[in-house]
Amino acid sequence: MTKTLDKTITVAVAGNPNSGKTTIFNNLTGSRQRVGNYPGVTVEWKEGTVRRGDLSLKLYDLPGTYSLTAYSEEELVARDFLIKQQPDVVVNVLDASSLERNLYLTTELMEIGLPLILVLNMTDVARDRGLTIDAGLLARRLGVPVVPAVGNRNQGMDDIIAAVAEVAFRQVSLPGPADQCRDAGPGLASLTQVATGGNFHRVDYGNAVEARLETVSQLLPDARHRRWQSIKLLEGDEALLESIPDPGVRARITAESGAFAKEVAEDSDTVLARLRYDFIGRLCHGVLRIPDRSERTLSDRIDRWAMHPLWGVPIFLTLMYGVFTLTFGLGNPIMNLIDHGFVRLAALISGFWTEGTASPLRSLLVEGIIGGVGGVIVFLPNIVLLFMAIAVLEGTGYMARAAFVMDRFMSKVGLHGKSFIPLLIGFGCTVPAIMATRTLETRRDRLITMMVLPLMSCGARLPIYALMIPAFFAPRWQGPILWIIYVTGIVLALAGARFLRATLFRGETTPFLMELPPYRIPTAGSLLVQMWTRAWLYAKKAGTVILGASIILWFLTFYPKPPADYKVPEGFDRAAIGSETRFGDLTDPAAIQSAELSYSIAGRVGRILETVIEPIGFDWRIGTALVGAMAAKEVFVAQMGIVFAVGEADETSEDLRTRLRDRYSQLVGFCIMLFALISTPCVATFAITRQEAGSVKWALAQSVGLTLLAWIVTFTVYQGGLLLGLGSVMGGP
Amino acid sequence: MKADKADMAREGPESEGMTMPLSMVHEGAKAVLRAVTGGHEMRGRLAAMGLLPGIELEVIRNSGHGPFVVGVKGSRVVIGRGMASRIEVE
């Protein structure tokens, strides 16, 4: 390496799911990563940098795929990246213990024609299974570097970098990929075929197919990746076909592909797939030796229990209980500590102002900014622990078993087995639960799960129930009522998923097809990197939105300030503020706060909402509190405290309970809980849905849809309850 | 392809070229995939995972209900029951 490259080498890392691609990517880049989503899609996107001396590499982790068809979003993202970004080198990570299957993607990568490197990962697993692989022979046959590696033990990483550098340097001295000379013209292409008949530099589909490819190739306007395009078009790739502007050319290509299918009396893509496997079979002859006896591996033995028809579910539930306890049991004390810290900080800042002075700046700092930032940071311990647990479940390979075990139940509502985990996490907090939908493979499954997730009653809604249930229900009914609320959420979530499946996400059901990776022990480093990048993503992306929204909601509940002659509105709780009706005459701080809220934008919105929420039994007070609760569900309790002028209230406030009992019937009390459960999720959920779904459209659909659903359900319950004569206010003072 | 079929019939004397849906194959039995009834997408996904006509597979698990597991080309693949009933084997 005497010459230095004056530019950064761009490297795309491709491979099957479970090939250990992520581990290798994490090993190579360490924490120098950025995680995001491809714009407009739910596919996770990662890039990282590697520096070794003069060498500077930029790595892009492509989504894990088995092929490069147009059937899934992941595959489209992967191939679009290769075609449009033209990385200098493609690193193809293969699971050596399942070499033939993994080489299928390799054949497609070869067809794209970018400089390629193969990484034979998990060579230790392959050796344990008695497989022997002649990496040197494979490299000679394919004409590309083949690097053996064990990602889990951090072995072979330097070799990968050296191979990337070598291939990149070769590019510099010999400009243009070798593929281009083959694509130079039809005459030359057929000559090359004869010359290379015996080697494996490209998949030879045989004379009949090659002739067809030639015909299609000549029709193509774009000279790049001509062979790959021809093959895909012959397979009947719709996405690629549509990208051709000339309708005449499209028609001729369709005719060609149709004629081919007729000729072979089979589907063209099946034929080409078989020919690729035939090629792989020839390629592996002499390279791969498989022991005759197929023996049960350790993974199979573990699976006898983990996937047992009877024991599988209890084992899964126990592990989930562990995840839950870890996330919220260990996380909540830290969360409280952070919360406490923010309260202290707020008190400290408040101290700069003299007692009783109303300063907008103080209010913005304390209630708006510290409240907002605190609201983001308090979730961090939960997020970090949860993603640690998920990284462990994924890294060990158990996640696939969990999906297997739960699929029997989840498929009944049209969801994937893996959806169960985010739904369960939703009981703790919707925000990490929505991030956990990343474990789902298809966009459809992800979106459906995200849309119904807020119906799993999160921890922040518990204070609302804790306030309302004892206020309206006798002790022996309290347990069953809480149970009814939670079960209502679950039933609605499952019904909602089913409904979405039948309407918005109709079409051929994604078949349940999933690889069961062998169990393995993940590296601590890879787990930490995975956890850290996701936690950071949350803090940064969602954080900015949540902070912004908190400041807006702070403004809505504090402004405008009422003038001294502001008449406290009709229906305002006179009992709480005495006979005074002019705002300027109020002396009680709780009454002032209450009047201020009623004058603020939130209060006005609450009153405007009254016409809409009256049919479900709510008045403007509840409306105002619901507006405030958009910042975070538990804020509802504090807002109710302000509206009813009882000052600082929490979920154990007897004073507030008495006032609620005085004003509302048991039926309304129940309806409040029902509405809080179903209606629009908090801004944090909105922000994270927007981010994870890749567009604000889905976040809006979620909020509007759920609020409509909440209204319909609450309306039915309230009006039904009235008909049954349950609407009377029973509580006395 | 014809020669292939003859080979398979010789290899599996108990099946004698008889086809049946994969969902009816017992645990531990080996079978050769013959055809897949389904759309392009399903066939494409199966093919990319190594499941295409002519391939020998082993049923690792079939508990009678729920999805089941087959071994193909050294890897384990979970297939939904609905899907398995649309895969013809021999």
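Located above this text is the structure these notes cover.
Below is a summary of the structure that appears in this document. Residue indices follow the written sequence of each chain, beginning from 1 at its first position. Each chain gets a letter, beginning with A, and each ligand a number, beginning with 1, in the order they are written. Given that this is a predicted model, residues contribute local features only at a pLDDT of at least 70 and side-chain atom pairs are listed and counted only at 80 or more, while totals for whole chains, interfaces and linings are drawn from all residues. Note: side-chain values were computed over all heavy atoms of the structure, leaving out hydrogens and water.

Okay, the overall build of chain A next. Numbering of helices and strands runs from the N terminus; a helix is a DSSP stretch of H or I covering at least four residues, while a strand is a stretch of E covering at least two. Looking only at helices and strands, chain A features 33 helices and 10 strands. Sequence-distant contacts in chain A: of pairs separated by 6 or more residues, those separated by 24 or more amount to 72%. For the area figures, the Shrake-Rupley method with a 1.4 Å probe applies, and any residue is considered shielded solely by the protein chains shown. Roughly 31,100 Å² of accessible area belongs to chain A as shown, and the carbon and sulfur atoms make up 62% of that amount. Residue contacts follow a heavy-atom distance rule, with two residues in contact if any of their heavy atoms lie within 4.5 Å.

Below, the discussion takes up the overall build of chain B. Scanning chain B from terminus to terminus reveals three helices and six strands. Across chain B, helices and strands are ordered from the amino to the carboxyl terminus as α-β-β-α-β-β-β-α-β. Between buried and exposed lies partly exposed: a residue is buried under 20% and exposed over 50% of the maximum accessible area for its type, with that area taken using a 1.4 Å probe on protein chains only. For chain B, the residues scored as buried account for 53% of the 90 residues in total. Here the contacts in chain B between residues at least 6 apart in sequence split such that 58% fall between residues at least 24 apart. For chain B, the exposed area adds up to about 3,900 Å²; of that, 54% sits on carbon and sulfur atoms.

Before going further, it helps to spend a moment on the pattern of salt bridges. Basic side-chain nitrogens of Lys or Arg form a salt bridge, by our definition, when they fall within 4 Å of a carboxyl oxygen of Asp or Glu. Tallied over the entire structure, the rule returns 28 salt bridges over all chains. Here R76 of chain B ties to D300 of chain A by a salt bridge, and the two come within 2.7 Å at their closest N and O atoms. Taken together, the positions of R76 of chain B in strand β5 (residues 75–79) and D300 of chain A in helix α14 (residues 298–306) put the pair across two chains. The pair R76 of chain B / D300 of chain A is uniform in exposure class, with both members buried. With a closest N to O distance of 2.8 Å, R621 of chain A and D619 of chain A form a salt bridge. Pair check on accessibility: R621 of chain A and D619 of chain A agree, each one buried.

With that settled, the discussion passes to the interface of chain A and chain B. Each partner contributes residues to the interface: chain A has 35 residues there, and chain B has 37 residues. For the pairing of chain A and chain B, the buried interface totals around 3,300 Å² over both sides, and the portion due to carbon and sulfur atoms is 57%. Three residues stand out in chain A for area buried against chain B, namely Y71, Y277 and L513 of chain A, and they jointly supply 19% of the buried area on that side. The tally of links from chain A across to chain B stands at two salt bridges. Buried area counts how much accessible surface, traced with a 1.4 Å probe, disappears from two parts once they are put together, with both parts' losses summed.

Residue and element names in this part refer to chain A. For Q86, which is not glycine, the phi torsion reads 45° and is therefore positive. Positionally, Q86 belongs in the loop between α2 (73–85) and β5 (89–95). Of note in this structure, N154 is not a glycine but carries a positive phi near 60°. Considering the arrangement of structural elements, one finds N154 in the loop between β8 (146–148) and α6 (157–173).

The next thing to look at is the sheet that holds strand β4 (residues 68–72) of chain B. Two pairing modes exist for strands in a sheet, parallel and antiparallel, and in both the strands are linked by backbone hydrogen bonds. Two strands pair if DSSP finds at least two bridges between them. Strand order in the open sheet made by the seven strands is β10(A)-β5(B)-β4(B)-β3(B)-β2(B)-β6(B)-β1(B), with antiparallel pairing throughout. Each edge of the open sheet carries a strand with a single partner, namely β10 (513–516) of chain A together with β1 (20–21) of chain B. The sheet contact formed by strand β2 (residues 30–36) of chain B and strand β3 (residues 56–61) of chain B spans three bridges and is antiparallel. Following the sheet pairing, V32 of chain B is matched in β3 of chain B by E56 of chain B. To obtain an axis, a line is fitted to C-alpha atoms, over the contacting stretch when the element is a helix, and the angle between two such axes runs from 0 to 180 degrees between their N-to-C directions. Those strands touched by helix α18 (residues 398–410) of chain A are β10 of chain A together with β3, β4 and β5 of chain B, and its axis lies near 140° from that of β10 of chain A.

Attention now goes to the pairing of β4 of chain B. All names here are of chain B. In terms of burial, β4 is largely enclosed, as five of its five residues are buried. Burial of the side chains of β4 extends over both faces: F68, V70 and V72 are buried on one face and V69 and G71 on the other. In this structure, β3 lies alongside β4, joined through three bridges in antiparallel fashion. Bridge pairing links R61 to V69 in β4. Connecting β3 to the next strand, β4, in antiparallel fashion are six residues, including G64 with a positive phi near 95°. The hairpin turn running from β4 into β5, its antiparallel successor, is two residues long, and K73 in that turn takes a positive phi close to 50°.

What follows covers the packing of helix α3 (residues 99–112) of chain A against helix α10 (residues 226–235) of chain A. Residue and element names in this part refer to chain A. At a minimum axis distance of 6 Å, the contact between α3 and α10 shows a crossing angle of 125°. In terms of axis orientation, α3 runs oblique to α10. Here E108, E111 and I112 of α3 come into contact with α10, specifically with W228, I231 and K232. Each residue receives one of three labels: charged for Asp, Glu, Lys and Arg, nonpolar for Ala, Val, Leu, Ile, Met, Phe, Trp, Tyr, Cys and Pro, and polar for the others, Gly being one of them. Split into classes, the residues belonging to the contact of α3 with α10 amount to three nonpolar, no polar and three charged. These descriptions rest on fixed angle ranges, namely under 35 degrees for roughly parallel, over 145 for roughly antiparallel, 65 to 115 for roughly perpendicular, and the rest for oblique.

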